[in-house]
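Here is how the chains run, residue by residue.
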Amino acid sequence: MGHTGHGHDHGHDHDHGHVHGPGCGHDHGPQHAHAAGVSAARAVSIERDILARNDAEANANRRRFARQGIFALNLVSSPGSGKTTLLVETIKRLGGALAVSVVEGDQQTANDADRIRATGAKAVQINTGKGCHLDAHMVGHALDALAPADDSVVMIENVGNLVCPSAFDLGEAHKVVVLSVTEGEDKPLKYPDMFAAADLMILNKCDLLPHLDFDLERCVANARRVNPSIAVLRVSATKGEGLDAWLDWLRAGALESRRRRQGATGAACGGAGACTCA
């Protein structure tokens with residue numbers, strides 16, 4: 001957010017499934033716009049320009065998802081919440097009945113993408129360097145390399161951060177915030193922008209609740225103070241608790257995306273029953 005590289009061709013794909021983003025080196029987001037030698041008014045103008053260009057790229061991604069009937073999710077969290085484990089277990093339990101491909105965002109390493117690929121699913125790694133979030137331009141490049149199938153699910157695992165990714169639309173259908181019960185029930189109040197932007201909160205590692213001083217109901221209440229409409233699922237990715245409800249939520253979203261694509265295709269073909277233009 002603090003850099004001005006968004007909206008330019010700063011990503012480049014490699015045969016091994018990497019897309020590299022720019023480093024920023026300073027705080028991100030509209031609330032952290034000040035840089036040395038830049039006036040407050042100029043900083044706000046820069047931020048607005050960055051976000052406007054990002055939104056244009058996000059809308060292009062969204063059109064692409066709609067055209068292909070893809071159900072795209074932006075998974076956000078603190079580091080260590082268990083996002084990658086959740087994705088791995090999700091892919092395993094779907095068993096190929098619903099195709100899933102993954103865009104992995106990290107500042108460094110391809111460790112998480114390697115874990116995803118070990119399941120047989122396609123994954124593209126984006127390394128952001130000093131950047132603390134993915135942007136829509138990076139994701140668009142990753143989609144070119146990923147080539148997700150029609151009527152599939154694309155999971156975008158954002159950089160572990162509960163601040164920066166909240167301001168950046170990637171073209172997803174929903175932001176899904178993953179919160180580990182080891183983090184504290186006050187996280188929704190500490191990072192309200194993220195929880196306000198999310199449609200679903202997954203409370204992960206619930207198998208540890210007997211060993212923690214964590215008030216689950218208070219956590220849910222805090223999230224709904226920030227976002228009264230946020231849905232909540234309680235899971236343990238490692239033990240499998242609650243994953244059936246998560247898989248049902250995914251299947252329902254994927255089905256709706258597929259129906260919308262089919263409806264749009266039918267409308268484009270004039271409702272012909274034997275359309276061959278899809």
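These notes cover the structure that comes with them. (Residues numbered from 1 in each chain as written. Predicted model: local features only at pLDDT ≥ 70, side-chain atom pairs only at ≥ 80, totals over all residues. Heavy atoms only, no water.)

1. Thoughts on the packing of aromatic side chains
Then, number 1: According to the stated counting rule, one finds 2 aromatic pairs in the structure shown.
Then, number 2: With 5.8 Å between their ring centres and 15° between their planes, tryptophan 246 and tryptophan 249 make a pair best called stacked. Highlighted residues: tryptophan 246 and tryptophan 249, both in helix α8 (residues 243-268), separated by 3 residues, approximately one helical turn.
Then, number 3: Tryptophan 249 sits in the partly exposed class, given a relative accessible area of 23%.
Then, number 4: A connected cluster of aromatic rings, assembled from ring pairs, spans Phe71, Trp246 and Trp249. (Phe/Tyr/Trp six-rings, centres within 6.5 Å; stacked < 30°, edge-to-face > 60°. Helix = DSSP H or I, 4+ residues; strand = E, 2+ residues; numbered from the N terminus. Buried < 20%, exposed > 50% of the residue type's maximum accessible area, 1.4 Å probe, protein only.)

2. A closer look at the nonpolar core
Then, number 1: Counting residues in hydrophobic clusters, the biggest one holds 29 residues, and the most contacted among them are Leu73, Val102, Ile116, Met155, Ile202 and Trp246.
Then, number 2: For this core, the elements supplying multiple residues, two or more each, are β2 (71-77), α2 (83-94), β3 (100-106), α3 (111-117), β5 (153-157), β6 (174-180), β7 (200-204) and α8.
Then, number 3: Not counting chain neighbours up to four residues away, the residues in contact with methionine 155 comprise Leu73, Leu75, Leu87, Thr90, Val100, Ser101, Val102, Val103, Trp246 and Leu250.
Then, number 4: Phe195, Leu203, Phe214 and Leu216 belong to the second-largest nonpolar core, a separate cluster that totals 18 residues. (Core = buried A, V, L, I, M, F, W, Y, C linked by side-chain atoms within 4.5 Å. Contact = heavy atoms within 4.5 Å.)

3. Some words on the pattern of salt bridges
Then, number 1: Going through the model one piece at a time under the given rule, you end up with 12 salt bridges.
Then, number 2: Arginine 62 is the partner of aspartate 169 in a salt bridge, and the nearest nitrogen-oxygen pair spans 2.8 Å. With aspartate 169 in the loop between β5 and β6 and arginine 62 in helix α1 (residues 40-68), this pair connects stretches of sequence that are 107 residues apart.
Then, number 3: Residue aspartate 169 is classed as buried on the basis of its relative accessible area, which comes to 18%.
Then, number 4: Residue classification places arginine 62 among the partly exposed positions, given a relative accessible area of 30%.
Then, number 5: Arginine 117 is the partner of aspartate 114 in a salt bridge, and the nearest nitrogen-oxygen pair spans 3.0 Å. Taken together, the residues span about one helical turn, with aspartate 114 and arginine 117 both in helix α3 at a distance of 3 residues.
Then, number 6: When its relative accessible area of 43% is taken as the criterion, aspartate 114 is described as partly exposed. (Salt bridge = Lys/Arg side-chain N within 4 Å of Asp/Glu carboxyl O.)

4. What to know about helix α4 (residues 136-146)
Residues three or four positions apart in an α-helix share a direction because the helix packs 3.6 residues into each turn.
Then, number 1: Burial of α4 is extensive: 9 of the 11 residues sit out of reach of the surface.
Then, number 2: Along α4, the residues classified as buried are Ala136, His137, Met138, Val139, Gly140, His141, Ala142, Leu143 and Leu146.
Then, number 3: A positive phi of about 50° marks alanine 147, the residue just after α4.

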